[in-house]
Amino acid sequence: MFNIKKIPLILAAAVLALSMASCDKSSGGSSSTETPRSTVKPPVEPDESVTDNSGGDAAVQSENHIGEHLNAAYEILSGNKYTYKCSLSAPNIEKPVQIERYKSGSKLYQSQQTSAGKRGFLSDGSKVYEFDYLTYSYTDEGIMLPDVIESVVKANLPQSSTHIAAKDGEVAEEYTYMGDTYITVYDFYFDEKNGSLKRYTSTYSVEGEDDYVEERTVTELSSSIGDENVLNPTFTTTLIDFSAFSSADRQTYCMDQCEKFGIDEQKLVSNGMTIDSFKKITYNDFLGLIYRYADSNGGKAK
């Protein structure tokens, strides 16, 4: 089994990113991302293995390694407006996760739908919200998750050709991130005729472990957005504000949710937690714990 603890976190999020960090025992909890560096099934899309490894030396970034096809996709994502939809499949996901991402000006929204429920984040230009319809809660102290494509381009990863497996009618570009103890290979596949992005895989490799492969199938990537109401934090009128809880109320709420999904004290201990952990638990760690067990029973209460 892929040992996620061997891969360090570079970003607090990413992203679903997943996304939205990993199992940080020092904080007394387990949070979740949309990458295998989480101990829970990925809820959100980010990618934490990609970062700017220039070491602050601008000369390292002087040569552009990004190919024309990925750059074209990035131009859409770096524009003023876009719609980006994809379906994520991975070995530890029973049903594909549906991911939607929208941008208009300074506003950015991403949601992911699993068998357990829908969660995501929204940046309205001043605050970053995280929301979750499984626990009917939200926080305005959230984190904004980078997209894998944006991360690869901004890091200016070098191209490689070790994993490419293009199908008929496809052209491919591959990029590799070399960590100290792990390697991440990204293979992007584009339509041979019009150059549009069709799918991409992320392969995480650690010495002595089996490779972990995620595949995202792109269903839409365009420079427009339909109903922009999705970019308004309307959920704040219907969901519970997790960030407004006192420590005692936060503990009570978390214990009630744990009881709902059959998370007993023994399971808390296996996650490096106790009931007292709920007094200071972060929203991301709380959702990571809930989704670990909620996903196993389709989001239904015990």
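The rules behind the values
- The residue numbers shown here count from 1 along each chain, following its written sequence.
- Local features in a predicted model are, by the rule used here, given only for residues with pLDDT of at least 70; side-chain atom pairs are given and counted only at 80 or more, and totals for whole chains, interfaces and linings are based on all residues.
- To obtain the side-chain values, all non-hydrogen atoms of the structure were used and water was disregarded.
- Throughout this description, the term nonpolar core refers to a set of buried Ala, Val, Leu, Ile, Met, Phe, Trp, Tyr and Cys residues connected via side-chain atoms within 4.5 Å.
- A simple rule labels every residue: compare its accessible area, found with a 1.4 Å probe on the protein chains alone, to the largest value its type can have, and call it buried under 20%, exposed over 50%, or partly exposed in between.
- Secondary structure elements follow DSSP: runs of H or I of four or more residues count as helices, runs of E of two or more count as strands, with numbering from the N terminus.
- Here, two residues are considered to be in contact whenever any of their heavy atoms come within 4.5 Å of each other.
- Polar contacts, as used here, are pairs of N or O atoms within 3.5 Å; protein pairs need one atom able to donate a hydrogen and one able to accept it. Residues neighboring in sequence count only if both atoms are side-chain atoms.
- Salt bridge criterion: a side-chain nitrogen from Lys or Arg within 4 Å of a carboxyl oxygen from Asp or Glu.
- What pLDDT reports is the predictor's confidence in each residue, on a scale of 0 through 100.
- Here the rule is simple: two strands pair whenever DSSP picks up at least two bridges between them.
- Fitted lines through C-alpha atoms serve as axes, helices being fitted only where they are in contact, and the angles separating the N-to-C directions of these axes extend from 0 to 180 degrees.
- Working rule for angles: under 35 degrees goes down as roughly parallel, over 145 as roughly antiparallel, 65 to 115 as roughly perpendicular, anything else as oblique.
- In this scheme the handedness of a crossing depends on how the near helix is turned from the far one: anticlockwise by less than a right angle means left-handed, clockwise means right-handed.
- Think of it as three bins: nonpolar holds Ala, Val, Leu, Ile, Met, Phe, Trp, Tyr, Cys and Pro, charged holds Asp, Glu, Lys and Arg, and polar takes everything else, Gly as well.

This part covers the nonpolar core. One finds Leu 70, Tyr 84, Ile 149, Val 152 and Phe 188 to be the most contacted residues of the largest nonpolar core, which totals 34 residues. Mapped by element, the contributors of at least two residues to this core are α1 (68–77), β1 (81–89), β2 (97–104), α2 (148–155), β8 (170–178), β9 (182–191), β10 (197–206) and β11 (212–222). For this core, the element with the highest residue contribution is α2, accounting for five residues. Excluding its chain neighbours within four sequence positions, the residues that come into contact with Phe 188 are Leu 70, Ile 149, Val 152, Val 171, Ala 172, Glu 173, Tyr 175, Leu 197, Arg 199 and Tyr 200. Among the nonpolar cores identified, the runner-up in size contains 20 residues, and Ala 116, Phe 242, Leu 268 and Phe 286 belong to it.

Looking at the secondary structure, you find Arg 216 in strand β11. A polar side-chain atom of Arg 216 sits 3.4 Å from a polar atom in the side chain of Ser 202. A polar side-chain atom of Arg 216 sits 3.0 Å from a polar atom in the side chain of Glu 214.

Let us look at the pattern of salt bridges. Following the criterion strictly, the structure yields nine salt bridges and no others. Notably, a salt bridge pairs Lys 85 with Glu 220, separated by 3.8 Å at the nearest N-O pair. Of the two residues, Lys 85 is situated in strand β1 and Glu 220 in strand β11; the sequence distance between them amounts to 135 residues. Taking relative accessible area as the criterion, Lys 85 reaches 24% and is therefore assigned partly exposed. Across the pair Lys 279 and Asp 276 runs a salt bridge, and its minimum N-O distance is 4.0 Å. For Lys 279, a relative accessible area of 37% translates into the label partly exposed. By sharing partners, the salt bridges in this structure join Glu 170, Lys 198, Arg 199 and Glu 215 into a single network.

Further remarks concern the confidence of the model for the chain. Within the chain, residue pLDDT values average 81, and 77% of them lie at 70 or more. Per-residue pLDDT stays below 50 along residues 1–54; that stretch engages in 228 contacts with residues further than four places along the chain or on separate chains.

Here the focus is the environment of Leu 239. Here Leu 239 lies in the loop between β11 and β12 (240–241). Residue classification places Leu 239 among the buried residues on the basis of a relative accessible area of 7%. With 101 residues separating them in the primary sequence, Leu 239 and Tyr 138 have C-alpha atoms 6.3 Å apart. Not counting residues up to four positions away in its chain, the partners in contact with Leu 239 are Phe 131, Asp 132, Tyr 133, Tyr 136, Ser 137 and Tyr 138.

Further remarks concern the sheet that holds β10. Spatial strand order, β7-β8-β9-β10-β11-β1-β2-β3-β4-β5-β6-β12: 12 strands in an open sheet with mixed pairing. The open sheet has two edge strands with one neighbour each: β7 (159–160) and β12. Two strands pair when backbone bridges link them, and strand β4 (residues 118–123) and strand β5 (residues 128–132) are joined in this way by five bridges, in the antiparallel orientation. Opposite Leu 122, over in β5, you have Tyr 129 as the bridge partner. The strands that helix α5 (residues 283–294) touches are β3 (107–113), β4, β5 and β6 (137–139); relative to β5, the one it contacts most, it runs at about 20°.

For the rest of this paragraph, the subject is α2. Buried residues dominate α2, accounting for seven of its eight residues. Val 148, Ile 149, Glu 150, Ser 151, Val 152, Val 153 and Ala 155 are the residues of α2 that are buried. With a side-chain oxygen positioned 2.9 Å from the backbone nitrogen of Ile 149, the residue opening α2 is Asp 147. Asn 156, located one to two residues past α2, shows a positive phi value of around 55°.

Let us now look at unusual backbone geometry. One non-glycine residue, Tyr 136, lies in positive phi territory at about 50°. Among the structural elements, Tyr 136 can be located in the loop between β5 and β6. The phi angle at Asn 156 is positive, at roughly 55°, despite the residue not being glycine. For Asn 156, the position within the fold is in the loop between α2 and β7. Judged by its relative accessible area of 7%, Asn 156 falls in the buried class.

Two elements in contact, α1 and α2, have axes whose closest approach is 10 Å; the angle formed by their N-to-C orientations is 115°. Relative to α2, the element α1 lies roughly perpendicular. Two packed elements cross with a definite hand, and for α1 against α2 that hand is left-handed. In this structure, α1 uses Leu 70, Tyr 74 and Leu 77 to contact α2, whose residues at the interface are Ile 149, Glu 150, Val 152, Val 153 and Lys 154. Its residues assigned to classes, the contact of α1 with α2 shows six nonpolar, no polar and two charged.

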